[in-house]
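Structure assessment
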Amino acid sequence: MGKVFDTSRRGFLKGAGVTAAGFTLGFHVPFAGDAQAAVTPDEINAWVVVKPDETVIIRIARVDMGQGTLTGLAQLVAEELECDWSKVKTEYPTPGESLARNRVWGNFGTAGSRGIRDSQDYVRKGGAAARMMLVQAAATEWKVPASECKASKGIVTHPASGKSLSYGQLAMAASKLEAPKDVPLKDPKDWTLAGKPVKRLDTVEKLSGKLVYSIDMKMPGMLNAAIRDTPVLGGKVKSFNASKAEAMKGVKKVMQVGDSAVAVVADTWWRAKSALEAVEIVWDEGPNGAISNDQVKAMLKEGLTAEQAFVGNQAGDVKAALASAAKVVEATYHVPWQHHVTMEPMNATALWTSDKCEVWTATQNAEAALATAADAAGLPVAKCDVYRHALGGGFGRRATSHDFVRQAVLIAKAMPGTPVKLIWSREEDMMHGWYHPTTMAKLTAGLDANGNVTGMHMRISGQSILATVNPQGLQNGKDPATFQGLNPGGAEGAFGYTTIANLLIDHAMRNPPLKAGFWRGVNNNQNAFYLECFIDEVAHAAGQDPLAFRQKMLVNSPKHLAVLNAVAQKAGWGTPAPKGVYRGLAQHMGYGSYVAACAEVSVDDKGKLTIHRIVAATDCGHAVNPQQIAAQIEGSFAYGLSAALHSEITIKGGKVQEENFDTYPALRMEEMPKVESIVMPSGGFWGGVGEPTIFVAAPAVFNAIFAATGKRIRTLPLADQDLRKA
Amino acid sequence: MIKLNINGTLHELDVEPDTPLLWAIREHAGLTGTKYGCGVAQCGACTVHVDGVAMRSCSIPVGEFKPEQKIVTIEGLSPTVTHPIQKAWLELDVPQCGYCQSGQIMAAAALLQANPKPTDEQIRSEMTNICRCGTYNRIQAAIKLAATGMAG
Ligand code: FES
Ligand code: FES
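Residues numbered from 1 in each chain as written. Chains lettered and ligands numbered in written order. Predicted model: local features only at pLDDT ≥ 70, side-chain atom pairs only at ≥ 80, totals over all residues. Heavy atoms only, no water.

With that out of the way, let us pick up the overall build of chain B. A tally of helices and strands in chain B yields six helices and five strands. Starting at the N terminus and walking to the C terminus, you meet the elements of chain B as β-β-α-β-β-β-α-α-α-α-α. Its C-alpha atoms give chain B a radius of gyration of 15 Å, near enough to 15 Å, the size a compact globule of 152 residues would have. When its C-alpha atoms are laid out on the principal axes, chain B stretches across 45 × 25 × 25 Å. Taken across its 152 residues, chain B has 60% of its residues classed as buried. Put simply, of all contacts in chain B between residues at least 6 apart along the chain, 57% involve residues at least 24 apart. Within the structure as shown, chain B displays about 5600 Å² of accessible surface, and the carbon and sulfur contribution to it stands at 54%. (Helix = DSSP H or I, 4+ residues; strand = E, 2+ residues; numbered from the N terminus. Rg over C-alpha atoms; globule rule 2.2 N^0.38 Å. Buried < 20%, exposed > 50% of the residue type's maximum accessible area, 1.4 Å probe, protein only. Contact = heavy atoms within 4.5 Å. Areas by Shrake-Rupley, 256 points an atom, 1.4 Å probe, with all protein chains shown as cover.)

Attention now goes to the pattern of salt bridges. Evaluation of the coordinates by the stated rule reveals 44 salt bridges over all chains. We note a salt bridge from Glu676 of chain A to Lys570 of chain A, for which the minimum N-O separation is 3.9 Å. Remark: Lys570 of chain A occurs in helix H17 (residues 558-571) and Glu676 of chain A occurs in strand E27 (residues 674-679); sequence separation between them is 106 residues. For Asp120 of chain B, the salt bridge goes to Lys144 of chain B, with nearest N and O atoms at 3.9 Å. Placement of Asp120 of chain B in helix H5 (residues 120-126) and of Lys144 of chain B in helix H6 (residues 136-148) is noted, with a sequence separation of 24 residues between them. Classification of Asp120 of chain B as partly exposed rests on a relative accessible area of 28%. (Salt bridge = Lys/Arg side-chain N within 4 Å of Asp/Glu carboxyl O.)

Residue and element names in this part refer to chain B. Strand order in the open sheet formed by five strands is E2-E1-E5-E3-E4, and the pairing between neighbours is mixed. Two strands close off the open sheet at either side, each with one partner strand: strand E2 (9-13) and strand E4 (53-56). Each strand of the sheet is rotated relative to its neighbour by a mean of 40°, with strand direction disregarded. Helix-sheet contacts for helix H1 (residues 21-28) involve strand E1 (2-6), E2, strand E3 (47-50) and strand E5 (70-72), and the interaxial angle to E1 is about 80°. (Pairing = 2+ DSSP bridges. Axes fitted to C-alpha atoms, helices over the stretch in contact; angles between N-to-C directions.)

In this section: the interface of chain B and chain A. With 53 residues of chain B at the interface, the matching set in chain A holds 59 residues. Together, the buried faces of chain B and chain A total about 4800 Å²; carbon and sulfur atoms form 55% of this surface. Together, Gln96, Arg132 and Tyr136 of chain B form the three largest contributors to the area buried by chain B at its contact with chain A, with a combined 17%. Put simply, chain B and chain A have six salt bridges between them. At five residues, H6 of chain B tops the list of elements feeding residues into the side of chain B that touches chain A. Within the side of chain B that touches chain A, the residues separate by chemical class into 24 nonpolar, 17 polar and 12 charged. (Buried area = accessible area lost by both parts, 1.4 Å probe. Nonpolar A, V, L, I, M, F, W, Y, C, P; charged D, E, K, R; others polar.)

Here you go:
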């Protein structure tokens, strides 16, 4: 396989166990084994298996981490398959099986809100092709043309003769047929199952405690491991004393893992964790041990005015426009590091022998997990496999890196033949994240005498995710993903305010020593916060209504405008709000979808904020399951507001200071606003839904706070910033 | 040996008295529906009932329990998964990733036990478990629904 583990260009990451494998993966592995492994007789094709008892198994390559993709993808396959939805079950193939079959299931990566939009075409074709084969099998049996037969609810009928056969009866014959070459798909307007708000397929076992997450793995003879990795990025283990720990009950082994971690393996995890606390570790912290938050901020600040910067979007002559402006507005914003805090901490179970390595884990990209496992195992990919469990949250963490898989395999390798489950404590998890990057932005806008924006410069300074995760992906040093939502065009985030004739959006990359990762919404989050709060500032400076001001600037961006208008209308913008309640707006486009929100907040005399209501709209092109999209909108506000109100990771002496929910609080029900969603698919394109509405969470609320208090919050999180009226 | 009454069965477990109840339940009794989220009584993923009261099992050592105290975990709430809370959860499709939901359901069931007709304000202040997927709106609505006895 292509070695993609070269970390040499990233001195600060060396030894941190970073693998770039499998971010955007492209698992370009020329597979050398059997071209076609045996398939079961009831498999119609890679996507569809029909059992004699009429159970339909739909294979899902992408993964469900709570966002409903499993159900959505099954709906799309079943729509074309014309099967009985009540008979549908799903199954995750393994990446090893996929490679053995020439990657028949395509990409396993589930990030960037791409689960459905990137695979909808071929999964629908999988369903349609299977239906065509089942129909053909019936037609052959009856010796009639296939065009005279109909398929519906898992039964093929021949209306002229009144004959019928079920999918279960036809599966064996259908599976022997050649796959059709020309596979037409339904027009989404003819959908009867896709596009409908059906319930999720995986709920009941989440209510009974029966769903087995990877942290729940049990295997005969399995041991448990707890680990402590260097608290400072790039640090190493100098020495450790295990004598106390080794004498503790249940302890089987104390070992160094790589050059930066120490693990204890015991019969139970609690005993392993307790013993780990008794291991005395001496660290070599390396140069990052001298770095604290103030230096990081100074580094970002310097970038705000630096000469050199990568250009993301440019039009006209911004310097001249600002020089000749009647009024200039300028503001500086800042977003700190944020942690994913998946509810289920990182964990993986590994079983290693000299010719095989198997891993059970929760991953957003099983192929990347496999690449990492094989590398750590020292075995060819073909001798390894990864079995997927339900994810107790992903949010990008389980797509960014499989460092926990690497560690689990290294530990298991030291105990050949014994399965070992590695669980990170919450503290270990929080201190070894791949954090939402920290950045600052300075925005400068010029207005003419009529309050029109004639020019705008947005300078972003700070961390690049790509520089951490996949430096090979940088384009002459530039990280194009930095400009999500600020691009001149394109599905991944088009800047809507194209009426600004003179524009410059650029990025001074500054990479402080903490790993950056993909965090739900990714760079769209801070870009939308910076831009939409600033546009609000400019509207007020121009003495104009924030809605009317945006409408004027979005005239060339009808889809951006449509979602904005939808939330304004539903929220009652322009009509009086309840007493003491104030409104704020934001809009943004990213991951293929157009989103907007209107927040309603109040702030009492003591400065206490209440977020009463959020009205949020999304135009995701085609909506596969409006009910699940509504759930994603609700959830994205909980996640986005949690960060906006509470989340900040800081470092002191190179060490992350926040270790658990007591120092890194999460939004709880008491603070959760009522979220009213507007799902308004306009058709003709496929946008994501797992992330986009998070973009507008912070700016809508902070603009409403300004309306309520006259205070402009330009730094996240809100935490204890004083909101009492100025 | 520590004796614990879990879901109506008396377990004799070879576990040190300072082990948190959570880990005795998960690793010694083998019931993994109760989840680990923080270990410091912050998140509620580990919520179980002890004599009908919701408790965060990660932060109580097993040595403090007497065999006659009745511990109920998510597995023991309803053998048919038809507790009014579970029915309401199903009807409103509450779970996303589901990881926090054992704890949410146990907390909600205890809340209804103590207060069969809670107001929205009471639900919002009583339900302090963390859900990172953000299912709070639906949890709130589902508790209201369960309180009406009309779910499912
Ligand atoms: S695990 Fe017990 S409260 Fe979080
Ligand atoms: S459903 Fe995922 S944490 Fe609550």
